[in-house]
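Per-entry structural report
One letter stands for each residue in the lines below.
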There are 4 protein chains.
Amino acid sequence: MASVNKVILVGNLGKDPEVRHLEGGVAVARFPIATSETFKDKNGEKQERTEWHNIVVWRGLADVAEKYLKKGQSVYIEGKIRTSNYQDKEGIQRYSTEIVADNMTMLGGRSDAGNGNQNQYSGGTSAGNNRTETPAPAFEGEPDDLPF
Amino acid sequence: MASVNKVILVGNLGKDPEVRHLEGGVAVARFPIATSETFKDKNGEKQERTEWHNIVVWRGLADVAEKYLKKGQSVYIEGKIRTSNYQDKEGIQRYSTEIVADNMTMLGGRSDAGNGNQNQYSGGTSAGNNRTETPAPAFEGEPDDLPF
Amino acid sequence: MASVNKVILVGNLGKDPEVRHLEGGVAVARFPIATSETFKDKNGEKQERTEWHNIVVWRGLADVAEKYLKKGQSVYIEGKIRTSNYQDKEGIQRYSTEIVADNMTMLGGRSDAGNGNQNQYSGGTSAGNNRTETPAPAFEGEPDDLPF
Amino acid sequence: MASVNKVILVGNLGKDPEVRHLEGGVAVARFPIATSETFKDKNGEKQERTEWHNIVVWRGLADVAEKYLKKGQSVYIEGKIRTSNYQDKEGIQRYSTEIVADNMTMLGGRSDAGNGNQNQYSGGTSAGNNRTETPAPAFEGEPDDLPF
DNA sequence: TTTT
DNA sequence: TTTT
């Protein structure tokens, strides 16, 4: 089938990451980031539109998000689009679109509350090798078990 | 600002494009494309997950989509994520995420029903609109004059 | 740090891959791919420019390249830019720019001499295999069931 | 031909942009940006490798570069790879690889010497011309003639 | 809910 | 030649 599902975002966190630790110790972090664009409307007036993206990161990246990412900060995100459907409390079928990130780079923030870190993290594991881009350990877990 | 909202997809059309012409003659085409990935579940069995993306293209790209894209074909898409909310017929608040494409390249298809075209198109053109991405008309200027 | 070096290419192989096996058994494959663009020159005539990219893939991806990629085929490449300098035989300092790929998807080819494979492979290591990103088999599934 | 040539970089300017104005008033700016990656060598020691990219921007983007970009600043760049060949003063055939950018976003800098601007610019638009994509001289040459 |  |  030959397919590619790739998202690249640079935006600001709307909130601090929320982190959960699943059974087995696997960490998941979630946070929203905003991207904005400006355009001129038909009256020639400048308008801004903000788009909110729900980011999900797993494992090592979730740890990094928990430690280093804060509301307001700017971040580079690379990942893929994932839409899930679920029933809400009223039993209504709903769709939720998220970006599952596998690469993340802090770009600094508004005031940078005590954080000068600007480092890149890649999803995955590995020790004792000199790869930069990295592997990606086993995906276990029923999609339906996942918290989205 | 400093933000980036970029999506790159390679996938297959799930349906022929649906094209509408707005007042003023502006064309909009919509079509779904599928991307797939396979992974091993916890029993080590191969699983496949297909993701559906709703693509929207405007103006010239909509014309191209109408003329050349067919269900089953493979296409490269570059664009941005856009989530809209609206009320459905029951008055329930819903969200819809689309990819607004500004660049599109046909990659061939399943059987390629009569279509050998494999060309790239870039969004663009036209006046009186609020596009950010831009046109790409004639090239002028002598390459040999260029400073490199 | 905070840096990103990302290349995305879709193009055709100019030659079959050349594969080498280093001491230790690590495989490296190299092959050129062409991307083209057309533009109108100042006389309004259509011109084409082809760009050649030197692709390098390591380990598992090199094996895949060796087995499945052939001159003329179309391929999706994701990687990074890497420029090396070296002295040529005359002792002249030279620069060579390559794309070190960490993700690769076959998109089919000109005539596809005996090859129907269209699968995605991700860089990363090893055996026992712990991939997340993966291949992508046949497209089936009823678009009409989809929520759009 | 169905091809894509896309580069995405986030890096720091190694120098202030150099701007030239061609006959006809077209502006071109050039500047190098650095991307870095760290990895562990075989002794487990942290190593850093820096890659230098020569960025070229035209017209409106060149004006933006001239006004706002300074040595040390961080910038997001989107563009394409372009390799040119030329003879140096000794008549030696040489190759030069550049990134022709069509999208640029300032991400701030080390100390941000008087610059709080963080805005995104897209190639194109405006009066006189509206090209985004840039020049592309003739391609000639057999793949087999190429230096790889 | 961010940022400019 | 940048940055951490």
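Just so you know, these numbers come straight off a predicted model, no measurement behind them.

Rules used in this analysis
In this convention, every chain numbers its residues from 1, walking through the sequence in written order. Note on labels: chains are lettered from A, ligands numbered from 1, in written order. With the structure being a predicted model, the display of local features is reserved for residues of pLDDT at least 70 and the display and counting of side-chain atom pairs for 80 or more, all residues being used for whole-chain, interface and lining totals. Side-chain measures were taken over the full set of non-hydrogen atoms in the model, leaving aside hydrogen atoms and water. What pLDDT reports is the predictor's confidence in each residue, on a scale of 0 through 100. Any two residues having at least one pair of non-hydrogen atoms within 4.5 Å are treated as being in contact. We superpose the copies by least squares over the C-alpha atoms of residues that have a pLDDT of at least 70 in both of them. Criterion for a salt bridge: a side-chain nitrogen of Lys or Arg within 4 Å of a carboxyl oxygen of Asp or Glu. Here a strand is any run of E in DSSP of at least two residues, a helix any run of H or I of at least four, and the numbering for each starts at the N terminus. The buried label applies to any residue whose accessible area, calculated with a 1.4 Å probe on protein chains only, is under 20% of its type's maximum; exposed applies above 50%, and partly exposed to all values in between. Each pair of strands is called paired provided DSSP finds at least two bridges between the two strands. Two parts placed together each lose some accessible area under a 1.4 Å probe, and adding up what both lose gives the buried area. Ten residues, namely Ala, Val, Leu, Ile, Met, Phe, Trp, Tyr, Cys and Pro, are considered nonpolar, four, namely Asp, Glu, Lys and Arg, are considered charged, and the remaining ones, Gly among them, are considered polar.

With that out of the way, let us pick up the confidence of the model for chain A. Residue and element names in this part refer to chain A. Summarising the model, chain A shows a mean pLDDT of 79, and 74% of its residues fall at 70 or more. Predicted confidence for residues 111-118 stays below pLDDT 50, and this span has 11 contacts to residues more than four positions away or in other chains. Low pLDDT, under 50, characterises residues 125-148; the predicted model gives this stretch 60 contacts beyond four residues in sequence or across chains.

Right, let's talk about the relation of the copies chain C and chain D for a bit. Each of the two copies of the chain can be brought onto the other by a rotation about an axis and a shift along it. When chain C is brought onto chain D, the operation consists of a screw motion whose angular component is 180 degrees and whose axial shift is 0.0 Å, with 0.1 Å RMSD remaining. Expressed as a symmetry operation, the mapping of one chain copy onto the other fits a two-fold axis. For chain C, the minimum C-alpha distance to the rotation axis belongs to C:Val7 and amounts to 2.2 Å. Here 72% of the interface residues in chain C have copies in chain D that are interface residues too; the copies meet face to matching face.

Scanning the model with the defined rule gives 24 salt bridges over all chains in all. Among the salt bridges present, the one from D:Glu78 reaches B:Lys6, with a minimum N-O distance of 2.5 Å. In this pair, D:Glu78 sits in strand E5 (residues 73-87) while B:Lys6 sits in strand E1 (residues 4-13), so the two residues belong to two different chains. With respect to burial, D:Glu78 and B:Lys6 carry one shared label: buried.

This next bit is on the pairing of strand E3 (residues 27-40) of chain D. Residues and elements named next belong to chain D. With 10 of its 14 residues buried, E3 lies for the most part within the structure. Two strands pair when backbone bridges link them, and strand E1 (residues 4-13) and E3 are joined in this way by two bridges, in the antiparallel orientation. Within the sheet, the bridge partner assigned to Leu 13 lies in E3 and is Ile 33. Bridge analysis of strand E2 (residues 18-21) against E3 gives four bridges, and the strand direction is antiparallel.

With that settled, consider the interface of chain C and chain D. Taken together, the 36 residues of chain C in the interface contact 38 residues of chain D. Where chain C abuts chain D, roughly 3300 Å² becomes buried across the two surfaces, and 51% of that area is made up of carbon and sulfur atoms. Our count for the contact surface shared by chain C and chain D stands at two salt bridges. Here D:Lys80 and C:Glu37 are joined by a salt bridge, their closest N and O atoms 2.9 Å apart. At the level of secondary structure, the elements contributing two or more residues to the side of chain C that touches chain D comprise strand E1 (4-13), strand E3 (27-40), strand E4 (46-58), strand E5 (73-87) and strand E6 (93-109) of chain C. Of all the elements, E1(C) adds the most residues to the side of chain C that touches chain D, at nine residues. Here the residues of the side of chain C that touches chain D are counted per class, giving 14 nonpolar, 13 polar and nine charged. For E1(C) and E1(D), the ladder comprises seven bridges, and the chain directions are antiparallel. Looking across to E1(D), one finds that C:Leu9 is bridged to D:Asn5.

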